[in-house]
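Read off the chains here:
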Amino acid sequence: MAKTTFRPEILMCVVWIAFVTVYATVPIRYVHTPGFAAWGLMLAGVVAFCLGAALSRLSTQGPAQPAEDDFGYLDALIIICAIMGLTGAAFIVIDKVFFSGQDWSIGITALRDRRFVEVVEGVPIRRSPLVYIGYLTISFSCVSVCLFLLKGEKVGRLAGWLAQASILAMAVYAVLYGGRMPILLIILLAIGCAMVRKLTHQTLLPSGWYLWPKTAFVTLAFFAYTNLVWTLRRDMNRVVDFDGFVRVADKKWDLAISPWLDHAVRSGKIAAGTVMDFVSTAMYLTHSPTTVQRIVEHSSSLSTYFGLYQIGVLSPLFDVFAPGLKLPETMRAELASTGIFGWFPNAWGAWLLDCGYYFGLFAIIVWGVLSGAAYRAVLRGGSVAAQLMLVFVYMTILVSPLNAPFGMANSFLIFCSFAVVAAWLCWRTRRAQRSIR
């Protein structure tokens with residue numbers, strides 16, 4: 001059952017059927033309701049991914065080759081990745097607090113809102129070398145967590161505790177920017193690890209670490225933090241009652257609450273705070289098709305961004321090393337003028353913005369091919385390197401209703417850290433095999 005369900009093409013279809021069902025049934029209605037062209041583009045994206053995943057079978061046929069991993073390296077690798085990730089988080093904190101010149105006294109939420117406006121207006125921010133080192137290394141915390149979740153039964157106590165502590169790196173990163181996506185990504189990566197473990201006939205979580213109660217605590221803490229963020233943002237925008245919230249939803253989010261839910265709040269059947277938190281989260285998770293509709297409506301006003309849209313780290317690099325090109329400014333101005341800036345475009349909208357229609361479909365097919373190859377590599381051998389890359393694949397599929405593989409919380413750098421560690425693991429295994437011969 002798991003072998004079929006966790007095939008990338010099947011999982012992608014399941015995720016999108018579930019997403020469309022939630023979109024259709026959630027009690028909010030959007031102004032920019034996606035039309036035939038927008039839904040057609042999203043369907044084409046799903047089909048292209050599935051086609052690529054199916055094509056990957058042509059190059060991965062052959063008998064299974066069980067992996068011969070030597071786990072003597074595992075503790076050291078997890079410890080190194082954890083230290084790199086935690087150090088990267090510390091560097092980002094130091095840069096933001098002491099070198100960025102931002103006024104933290106106004107609060108993280110207000111600072112985030114101010115910085116959003118400044119980015120649109122092209123106001124630069126001071127950056128020290130620490131922040132670039134931090135961006136490059138913090139993503140290795142995700143590798144540490146995933147290696148631990150994949151092979152926790154073979155991990156020593158120090159490595160195991162450091163791996164669990166390295167979750168704090170992404171949590172600090174999220175809080176520092178007043179967001180949630182870094183935490184959501186680490187949760188989705190953990191789900192990907194559980195799926196890989198199930199695919200390889202293991203329990204969902206490694207035994208001996210009391211992970212189930214810890215998982216429940218992290219999940220509840222994430223929901224509590226999410227609701228706190230909504231409360232702080234409503235306070236900042238002076239939304240003091242349900243009527244004010246409805247006005248903000250109409251003017252800023254282009255949505256209306258379903259009449260039955262509105263009536264339930266006004267009649268006192270449901271608490272206003274509960275509904276405001278629910279609607280905010282529902283909007284956050286389901287609005288991406290409306291962004292695709294905006295892309296369709298304003299396609300003539302949008303350029304092709306060649307990866308700049310998804311890969312967030314490219315913008316500060318262009319700002320520092322090629323300011324004359326003004327590529328980030330052009331992108332931000334176009335997105336802001338069309339009402340797209342700051343909104344999730346789902347995977348298909350993001351690939352369209354970065355690559356255009358035809359190259360976008362080609363990129364999606366390549367994504368599918370690589371995803372299918374990772375899946376079949378795990379089935380044929382199950383090496384740690386293959387499992388690690390399949391975890392990333394599963395995360396990209398789960399997050400596809402919101403954004404593309406490289407579009408969330410510097411997920412491109414997370415991919416790079418996974419790829420670097422996986423390449424090192426493959427090199428180490430081949431060297432060990434040659435030495436035996």
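Residues numbered from 1 in each chain as written. Predicted model: local features only at pLDDT ≥ 70, side-chain atom pairs only at ≥ 80, totals over all residues. Heavy atoms only, no water.

Asks: So what about empty space enclosed by the protein? Which residues, and what values?
Replies: Overall, the coordinates contain two cavities of 30 Å³ or more when judged by the stated rule. Here the largest cavity defines a volume of roughly 80 Å³. Lining the largest cavity are Tyr-30, Val-31, His-32, Trp-253, Asp-254, Met-283, His-287, Thr-290, Thr-291, Arg-294 and Trp-343. Among the elements that take part in the lining of the largest cavity, helix H15 (residues 288-297) stands out by supplying three residues, more than any other. Each pocket or cavity is described by its volume, and for the second largest cavity that value is around 50 Å³. (1 Å grid on protein atoms, 1.4 Å probe; cavity = no way out; pocket = protein on both sides within 12 Å on 5 of 7 lines; lining within 4 Å. Points joined across faces, edges and corners; volume = space filled by probe spheres on them. Helix = DSSP H or I, 4+ residues; strand = E, 2+ residues; numbered from the N terminus.)

Asks: Give a detailed account of the nonpolar core, specifying residues and quantitative values.
Replies: Formed by 107 residues in total, the largest nonpolar core has its most connected members in Trp-348, Tyr-394 and Phe-418. Looking at this core element by element, the count peaks at 13 residues for helix H19 (residues 384-399). Those residues within four positions of Trp-348 in sequence are excluded, and the remaining contacts are Met-12, Trp-16, Leu-41, Met-42, Gly-45, Val-46, Phe-49, Ile-364 and Trp-367. Of all hydrophobic cores here, the second largest spans 19 residues; its members include Tyr-23, Val-26, Phe-245 and Val-279. (Core = buried A, V, L, I, M, F, W, Y, C linked by side-chain atoms within 4.5 Å. Buried < 20%, exposed > 50% of the residue type's maximum accessible area, 1.4 Å probe, protein only. Contact = heavy atoms within 4.5 Å.)

Asks: Give a detailed account of the side chain of Ser-128, specifying residues and quantitative values.
Replies: Here Ser-128 is to be found in the loop between helix H5 (108-121) and helix H6 (129-138). Non-local contacts of Ser-128, meaning those with residues more than four positions away in its chain, are made with Asp-95 and Phe-99.

Asks: If you had to explain the packing of helix H2 (residues 8-25) against H19 to someone new, which residues and values would you point to?
Replies: Following both chains from N to C, one finds H2 and H19 inclined at 25°, their axes separated by 9 Å at the closest point. The angle between H2 and H19 falls in the class roughly parallel. The two elements H2 and H19 cross, and the hand of that crossing is right-handed. Packed against H2, whose contacting residues are Pro-8, Leu-11, Met-12 and Val-15, the element H19 presents Tyr-394, Ile-397 and Leu-398 at the interface. (Axes fitted to C-alpha atoms, helices over the stretch in contact; angles between N-to-C directions. Parallel < 35°, antiparallel > 145°, perpendicular 65-115°, else oblique. Left-handed = near helix turned anticlockwise from the far one by under 90°.)

Asks: Tell me about unusual backbone geometry, residues and numbers included.
Replies: The phi angle at His-201 is positive, at roughly 65°, despite the residue not being glycine. With respect to the element layout, His-201 can be found in the loop between helix H10 (181-199) and helix H11 (211-236). Residue class for His-201 comes out exposed when judged on its relative accessible area of 77%.

Asks: Break down a nonpolar patch on the surface for me, citing the residues and quoting the values.
Replies: Taken together, Ile-94, Val-97, Phe-98 and Phe-99 make up a surface patch of nonpolar side chains, about 380 Å² in accessible area. Mapping Ile-94 onto the fold places it in helix H4 (residues 74-99). When its relative accessible area of 32% is taken as the criterion, Ile-94 is described as partly exposed. (Patch = residues over 30% accessible without salt bridge, like charges linked within 9 Å, V, L, I, M, F, W, Y side chains within 5 Å. Areas by Shrake-Rupley, 256 points an atom, 1.4 Å probe, with all protein chains shown as cover. Salt bridge = Lys/Arg side-chain N within 4 Å of Asp/Glu carboxyl O.)

Asks: For the environment of Asp-319, give the residues involved together with the corresponding values.
Replies: Its location among the elements puts Asp-319 in helix H16 (residues 314-321). Ignoring anything within four residues of it in the chain, the contact list for Asp-319 reads Pro-328, Glu-329 and Arg-332.

Asks: Report on the pattern of salt bridges, specifying residues and quantitative values.
Replies: All told, the structure shown has seven salt bridges when counted by the stated rule. Residues Asp-277 and Arg-234 are paired through a salt bridge, measuring 3.0 Å at the closest nitrogen-oxygen approach. Taken together, the positions of Asp-277 in helix H14 (residues 272-286) and Arg-234 in helix H11 put the pair 43 residues apart, joining distant regions of the chain. Of the two residues examined, Asp-277 and Arg-234, each falls in the buried class. Here Arg-266 ties to Asp-262 by a salt bridge, and the two come within 2.7 Å at their closest N and O atoms. Linking Arg-266 with Asp-262, this pair stays in helix H13 (residues 259-266), spanning four residues, or about one helical turn. Since its relative accessible area comes to 47%, Arg-266 is described here as partly exposed. Residue class for Asp-262 comes out buried when judged on its relative accessible area of 18%.

Asks: Could you give an account of the packing of helix H7 (residues 140-151) against H10, with specific residues and numbers?
Replies: Helix-helix packing: each pair is described by the crossing angle between the helix axes and the interaxial distance. Two numbers describe how H7 lies on H10: the axes approach to 9 Å, and their chain directions differ by 30°. By the criterion of interaxial angle, the relationship of H7 to H10 is roughly parallel. Seen from above, H7 lies across H10 with right-handed handedness. Along its contact with H7, which presents Cys-142, Val-145, Cys-146, Leu-149, Leu-150 and Lys-151, the element H10 presents Ile-186, Leu-189, Ala-190, Cys-193, Val-196 and Arg-197.

Asks: Would you mind going over the state of the cysteines in detail, with residue names and values included?
Replies: Summed over the entire model, instances satisfying the criterion amount to zero disulfides. With no disulfide of its own, Cys-426 has Cys-81 as its nearest cysteine by sulfur position, at a separation of 15 Å. Given a relative accessible area of 32%, Cys-426 falls into the partly exposed group. (Disulfide = S-S within 2.5 Å.)

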